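For reference, the chains in residue letters:
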Amino acid sequence: MSQKCPNCRTSVSKKWLFFGFQSTDYKCPQCGHRLRWTGYRLLLNLIIGVIFALPIFFVKKWPVSYFELTPFMLLIAFLLILFVPGQFRDVDE
């Protein structure tokens, strides 16, 4: 399940999903509706930040380097961003 426009079900740009700031809106290329981030996206960003911060606190107790864990943390972050619903809403509502 990828992120889709709530109006026309066109896939949302991955560039906006990964790199869009809270203040940036997205205009659907198919129907022209503008999409805006919700507070749920802020919560998701906080969860991803915690995922990246937790290994820093335990790096001395674990036999694994932080840099060895980075690919797994990136994978988790990408999957959360791509598949968690409710991250944006239609501005025209």
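## Considering the overall build of the chain
Inference 1: A tally of helices and strands in the chain yields three helices and three strands.
Inference 2: Order of helices (α) and strands (β) in the chain, N terminus to C terminus: α-β-β-α-α-β.
Inference 3: In terms of overall dimensions, the chain has a C-alpha envelope of 50 × 20 × 15 Å along the principal axes.
Inference 4: Within the chain, the fraction of its 93 residues that count as buried is 26%.
Inference 5: Within the chain, contacts between residues at least 6 apart in sequence are counted, and of these 55% link residues at least 24 apart.
Inference 6: Surface summary for the chain: the accessible area is close to 6300 Å², and the carbon and sulfur share equals 68%.
Inference 7: Averaging the locations of the 11 positively and 5 negatively charged side chains of the chain gives two centres separated by 5 Å.

## Some remarks on the nonpolar core
Soluble globular proteins tend to bury their nonpolar side chains together.
Inference 1: With 13 residues, the main nonpolar core has Val12, Trp16, Leu17, Leu35 and Phe88 as its most contacted residues.
Inference 2: Mapped by element, the contributors of at least two residues to this core are α1 (14–19), β2 (34–37), α2 (39–58) and α3 (66–83).
Inference 3: Residue contributions to this core peak at three residues, all from α3.
Inference 4: When sequence neighbours within four positions are dropped, the list of residues in contact with Val12 reads Gln3, Lys4, Cys5, Leu17, Tyr26, Leu35 and Phe88.

Reading the values: the criteria
- Residues numbered from 1 in each chain as written.
- Predicted model: local features only at pLDDT ≥ 70, side-chain atom pairs only at ≥ 80, totals over all residues.
- Heavy atoms only, no water.
- Helix = DSSP H or I, 4+ residues; strand = E, 2+ residues; numbered from the N terminus.
- Buried < 20%, exposed > 50% of the residue type's maximum accessible area, 1.4 Å probe, protein only.
- Contact = heavy atoms within 4.5 Å.
- Areas by Shrake-Rupley, 256 points an atom, 1.4 Å probe, with all protein chains shown as cover.
- Lys, Arg positive; Asp, Glu negative; His and termini not counted.
- Charge placed at Lys NZ, Arg CZ, Asp CG, Glu CD.
- Core = buried A, V, L, I, M, F, W, Y, C linked by side-chain atoms within 4.5 Å.

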